[in-house]
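Structural overview for review
What follows is each chain in one-letter form.
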Amino acid sequence: MPDLPKTMRALVLTAPGAPLELQELPVPTPGPGEVLVRIAASPVNPSDLHFLEGEYGLNWPYPLIPGLEGSGEVVAAGPGLMGRYVMGKPVSCTADKQGCWAEYMVTQAALCLPLPRDLPLGTAAMAVVNPLTAVAFIQIAKAGGHQSMISTAAGGALGAMTRRMAAEAGLEVINVVRGPAQVERLKAEAAAHICDLSAPTFPADLVTLGRAKKCRLALDAIGGEMTGQLVEALAPKGEVLIYGALAGAASTLNPGTMIFKGITVRGFWVSKWLEKRPLPQKMMIMRRIVAALKSGAAQSQVAEIRDLADAATAPADYAARMSAGKILISTGALPLGVEATPIT
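Residues numbered from 1 in each chain as written. Predicted model: local features only at pLDDT ≥ 70, side-chain atom pairs only at ≥ 80, totals over all residues. Heavy atoms only, no water.

**What to know about the overall build of the chain**
Quick reminder of the rule: Only DSSP runs of H or I covering at least 4 residues are called helices, and only runs of E covering at least 2 are called strands; the numbering of each starts at the N terminus. Only C-alpha atoms enter the radius of gyration; for comparison, a globular chain is expected to reach 2.2 Å times N to the power 0.38, where N is the number of residues. Throughout, exposure labels follow a simple rule: accessible area from a 1.4 Å probe, protein chains only, divided by the maximum for the residue type, with under 20% read as buried, over 50% as exposed, and the rest as partly exposed. For this analysis, residues touch if any pair of their heavy atoms sits within 4.5 Å. We get accessible surface area from the Shrake-Rupley algorithm with a probe of 1.4 Å; when it comes to residues, only the shown protein chains can shield them. Charged residues are defined narrowly, with Lys and Arg counted positive, Asp and Glu counted negative, and His plus the chain ends left uncounted. The atoms used to mark charge sites are NZ of Lys, CZ of Arg, CG of Asp and CD of Glu.
When helices and strands are tallied, the chain shows 12 helices and 15 strands. For a compact globule of 344 residues, the expected C-alpha radius of gyration is about 20 Å, and the chain comes in at 20 Å, within 12% of that figure. Dimensions along the principal axes, computed over C-alpha positions, put the chain at roughly 65 × 40 × 35 Å. Residue burial in the chain is summarised as follows: out of 344 residues, 51% are buried. Sequence separation of at least 24 residues holds for 66% of the intrachain contacts in the chain that already meet a minimum separation of 6. Per element, the accessible surface of the chain, about 15,100 Å² overall, is 58% carbon and sulfur. Taking the average place of the 30 positive charges on the side chains of the chain and the average place of its 28 negative ones, the gap between the two points comes to 10 Å.

In structure tokens, the structure reads:
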């Protein structure tokens, strides 16, 4: 690896729930089918918060570098055709054996999405987790013949992407948000159907809207009692996809409703969903994501850009004010092309 440093800065997690530590580590070397990415930036996502607590479905050994997605430039490649193809290109990437909260990361070449050079790397850093999930939701809805769906956590970045892509696909969305401020923001965005989780009438409001729209699909980012409330709002033979656990509690269900309405409740993990897509479909999905990023349909709001050296508290700060937008962790190695504009 000519012209590359021997060491790099990285945020390191030594145990579940432990404080992040800024350390100096050797720059890793890519093996067969792998590439080395000079990281530009990586966001803090809800999935990262679960990962930091040891509650995510990846069993990496400690100590480890967190950060599940990011962007940068491929600067070295191990043996393999895909590595040669992405060499020297700007990419969005997902983590394999180590994460993106570092100046360099080794990952599978197949986990890198080559980008057009006019797409800002700050935008590209958030190209996979949320945009891919939104694309998956729309494909699932269309494949199931759905005309409407319920979207929880609709005030966040993923909720906004899902809403925009659903509108393009002709799907109606019932948006569940956390309070009056998010209600007003979604109204300003011309969202038609909004349910305020903080309102005392929320369960009844959700049932009324769900039945009015004959909704048979719900996207559950919350868990806890929300899962049961979604089941009550769905039409018979409906389905709940659980993809998050923001409530921090086990889902609760009414057995009678499940039995008599024939509701299906199942988990959804976007990486596992993508694994099952054939290669031509994966390529179409990635082109769709890039187009959505360029059009703004899949862009996330950036609340703050924080240097890697000062980012140990970024996850906690993001968790305290998720609705303000993403915190981007920047290495300073490459221009990001975006500015922080928090949601108020």
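Now that the structure is up, let's keep going.
**What about the sheet that holds strand β9 (residues 172-177)?**
In plain terms, the rule: Only when DSSP finds a minimum of two bridges between them are two strands counted as paired. Note on method: axes are straight lines fitted to C-alpha atoms, helices fitted across the in-contact stretch only, with angles between N-to-C directions ranging 0 to 180 degrees.
Pairing is parallel in the open sheet, where six strands are placed in the order β10-β9-β8-β11-β12-β13. In the strand order of this sheet, the two ends are held by β10 (193-196) and β13 (264-267), each with one partner. The sheet shows a mean angle of 20° between the axes of neighbouring strands, taken without regard to direction. As paired elements, strand β8 (residues 148-151) and β9 share four bridges and run parallel to each other. Along β9, the bridge assignment pairs S151 with N175. Taken strand by strand, helix α7 (residues 202-212) contacts β8, β9 and β10, and its axis lies near 160° from that of β10.

That is the geometry; function is a separate question.
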